[in-house]
Amino acid sequence: MVKFLDLEKINARHAQQITKAMAGVLSSGWYLKGKETENFEKAFADFIGTKHAIGCGNGLDALTLILMAYIELGVMKPGDEVIVPANTYIASILAISRTGLKPVLVEPNPDTLQIDDNLIEEKITPKTKAIMIVHLYGQNAYSEKVGQLCEKYNLKLIEDNAQAHGAFFKDKRTGSLGDAAGHSFYPGKNLGALGDAGAITTNDDVLAETVRALGNYGSEKKYVFNMRGINSRIDELQAAILNVKLPALDKDNHRRREIAKTYFQGIKNPYIKLPGVSENLDNVFHIFPVFSPLRDQLQNYLKENGIETIIHYPIPPHQQNCYPEWNNLNFSITEKIHSQELSLPISPVMTDLEAATVVEILNKFKPQF
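So, here's what we can say about the structure. Model, not experiment: these values are computed from the prediction.

### Observations concerning unusual backbone geometry
Note that the residue after His312, namely Tyr313, is joined by a cis bond; omega there is 0 degrees. Mapped onto the elements, Tyr313 comes out in the loop between helix H10 (295–304) and helix H11 (332–340). You will see that Leu113, though not glycine, has its phi angle at about 70 degrees, which is positive. Assignment of secondary structure puts Leu113 in the loop between strand E3 (102–106) and strand E4 (128–134). For Leu113, a relative accessible area of 3% corresponds to the buried category. Even without being glycine, Phe285 reaches a positive phi, approximately 45 degrees. Relative to the elements of secondary structure, Phe285 occurs in the loop between strand E12 (281–282) and strand E13 (288–291). On the basis of relative accessibility, which here comes to 8%, the residue Phe285 falls in the buried class.

### Notes on the pattern of salt bridges
Tallying each qualifying case throughout the model produces 15 salt bridges. Linking Lys3 and Asp6 is a salt bridge whose minimum nitrogen-to-oxygen distance equals 4.0 Å. Lys3 sits in the partly exposed class, given a relative accessible area of 42%. Judged by its relative accessible area of 19%, Asp6 falls in the buried class. The partner of Asp252 in a salt bridge is Arg13, with the nearest N and O atoms 2.9 Å apart. You can see Asp252 sitting in helix H9 (residues 249–266) and its partner Arg13 sitting in the loop between helix H1 (7–12) and helix H2 (15–28), a full 239 residues away along the chain. Taking relative accessible area as the criterion, Asp252 reaches 9% and is therefore assigned buried. When salt bridges that share partners are traced, they join Arg255, Glu258 and Asp352 into one network.

### A word on the environment of Val358
Looking at the secondary structure, you find Val358 in helix H12 (residues 352–363). Distance in space between the C-alpha atoms of Val358 and Ile48 is 33 Å, their sequence separation being 310 residues. Not counting the four nearest positions on each side in its chain, Val358 is found in contact with Val2, Tyr263, Ile307, Leu344, Pro345 and Met350.

### A look at the packing of H2 against helix H8 (residues 236–245)
Running from N to C, H2 and H8 point in directions that differ by 150 degrees, and their axes come no closer than 9 Å. In the crossing of H2 with H8, the sense of the turn from one axis to the other is right-handed. Across the interface between the two elements, Gln17, Ile18, Ala21, Met22 and Val25 of H2 pack against Glu236, Leu237, Ala240, Ile241 and Val244 of H8. For the contact of H2 with H8, the residue count by class is 8 nonpolar, 1 polar and 1 charged.

### Observations concerning the environment of Ala21
Position of Ala21 among the secondary structure elements: in helix H2. Separated by 129 residues in the primary sequence, Ala21 and Cys150 have C-alpha atoms spaced 42 Å apart. Among residues more than four places away in sequence, those in contact with Ala21 are Ala240 and Val244.

### Structural notes on the pairing of strand E5 (residues 156–160)
Across the 5 residues of E5, 4 count as buried, placing the element largely inside the fold. Examined bridge by bridge, E4 and E5 share 5 bridges and lie parallel to one another. Bridging from a neighbouring strand, Ile133 pairs with Glu159 of E5. Read from E4 through helix H6 (residues 144–153) to E5, the crossover connection turns out right-handed.

### A word on the nonpolar core
Among the nonpolar cores identified, the biggest contains 42 residues, and Leu67, Met132 and Ile158 are the most heavily contacted of them. Of all the elements in the fold, those that place two or more residues in this core are strand E1 (52–56), helix H4 (59–72), strand E2 (81–85), helix H5 (90–98), E4 and helix H7 (205–214). The element that contributes the greatest number of residues to this core is H4, accounting for 8 residues. Apart from residues lying up to four places away in sequence, Leu67 is in contact with Met76, Val82, Ala95, Ile96, Thr99, Leu101, Met132 and Ile158. Counting residues in hydrophobic clusters, the runner-up holds 25 residues, among them Leu294, Met350, Ala355 and Val359.

### Quick word on the layout of surface pockets
Taken as a whole, the largest pocket encloses approximately 650 Å³ of empty space. Every residue lining the largest pocket is counted, 31 residues in all, and those nearest its centre are Tyr89, Tyr186, Lys189, His286 and Tyr313. Those elements that place two or more of their residues in the lining of the largest pocket are H4, H5 and strand E8 (180–184). Examining the composition of the lining of the largest pocket, we find that 4 residues originate from one element, H5, more than from any other. Of the residues assigned to the lining of the largest pocket, the class counts are 16 nonpolar, 11 polar and 4 charged. Computed from the structure, the second largest pocket encloses a volume of approximately 530 Å³. Those elements that provide at least two residues to the lining of the second largest pocket are helix H3 (35–48), E1, H7 and strand E10 (219–221). With 4 residues, the single largest contributor to the lining of the second largest pocket is H7. For the lining of the second largest pocket, the per-class residue count stands at 11 nonpolar, 7 polar and 9 charged.

Cut-offs and rules
- Residues numbered from 1 in each chain as written.
- Predicted model: local features only at pLDDT ≥ 70, side-chain atom pairs only at ≥ 80, totals over all residues.
- Heavy atoms only, no water.
- Helix = DSSP H or I, 4+ residues; strand = E, 2+ residues; numbered from the N terminus.
- Buried < 20%, exposed > 50% of the residue type's maximum accessible area, 1.4 Å probe, protein only.
- Salt bridge = Lys/Arg side-chain N within 4 Å of Asp/Glu carboxyl O.
- Contact = heavy atoms within 4.5 Å.
- Axes fitted to C-alpha atoms, helices over the stretch in contact; angles between N-to-C directions.
- Left-handed = near helix turned anticlockwise from the far one by under 90°.
- Nonpolar A, V, L, I, M, F, W, Y, C, P; charged D, E, K, R; others polar.
- Pairing = 2+ DSSP bridges.
- Right-handed = clockwise from strand over helix to strand, strands pointing away.
- Core = buried A, V, L, I, M, F, W, Y, C linked by side-chain atoms within 4.5 Å.
- 1 Å grid on protein atoms, 1.4 Å probe; cavity = no way out; pocket = protein on both sides within 12 Å on 5 of 7 lines; lining within 4 Å.
- Points joined across faces, edges and corners; volume = space filled by probe spheres on them.

Set out below in structure tokens:
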């Protein structure tokens, strides 16, 4: 079996350091808002290239806290619109709607799979306050055109960087390209904790201060609540684990690129379409998606041959039951992506032999009509 993602093997590389770090937290008697969190926030801000990183409970909360802060600061108000890619994971959209803002869906570019910057301007209205780009699959979604639109219409640029830790646009890392970014450290991410955790990065001092307070019940001073916040704080154990794993991230991403190169060069099957890659892009390949009109048959074939795959994602957001008002909308590019996408195994612990095996078996796939 070639596993889709061998988390046990990934974390076993750091087992001794992680065990030591967790023991240190246990013996410290300090489990929230302590030294491990402080150290991780500084290290992650330095890594991303921003002044601030604020730890929180998970990636959804990271995006939510950014929007809550902008509402608290009077930059946005309930009913305002945030443009977001139609083919994103549901968390990007949930963050917008749960704060009383309105998600406005925009189709992706079918080659890059990222939001199509040629379709954004037509969706901008007087109520539009932000564009949320999502660096899907580990690939940068930012473009100079997106930046120009934000400047032209005085819009905030928010990055969902849950899938692209370490990716670049030119000489800047994703997570430092906009006004603020949300990050997830779910265990399967390129930088994964051993549970839920997240962070917000920004260069905006006032936004950072507001986000930090909102994630701590709205409190800047103990037992004093000037805002209606939530409880969303990274714990010391997860921060300690991330402190161990962060220094290996660039090396791990390099290995992912090597596996991706094997796929790009080796997969030659007319029933399988490979993903496109944008210019000026340093892709960290959180996911390696391929596309086939025979996706379900292909997935079953791979399973029978010992290759584990996952579908990201079988149902697009506008067809989910939680957004019934969108169910009759037509997003044909998004729908095609979601009906044909299949994610191949890729990870920093995958061997050359495993990658070659995936290629060999894929190239032997012949549909059964």
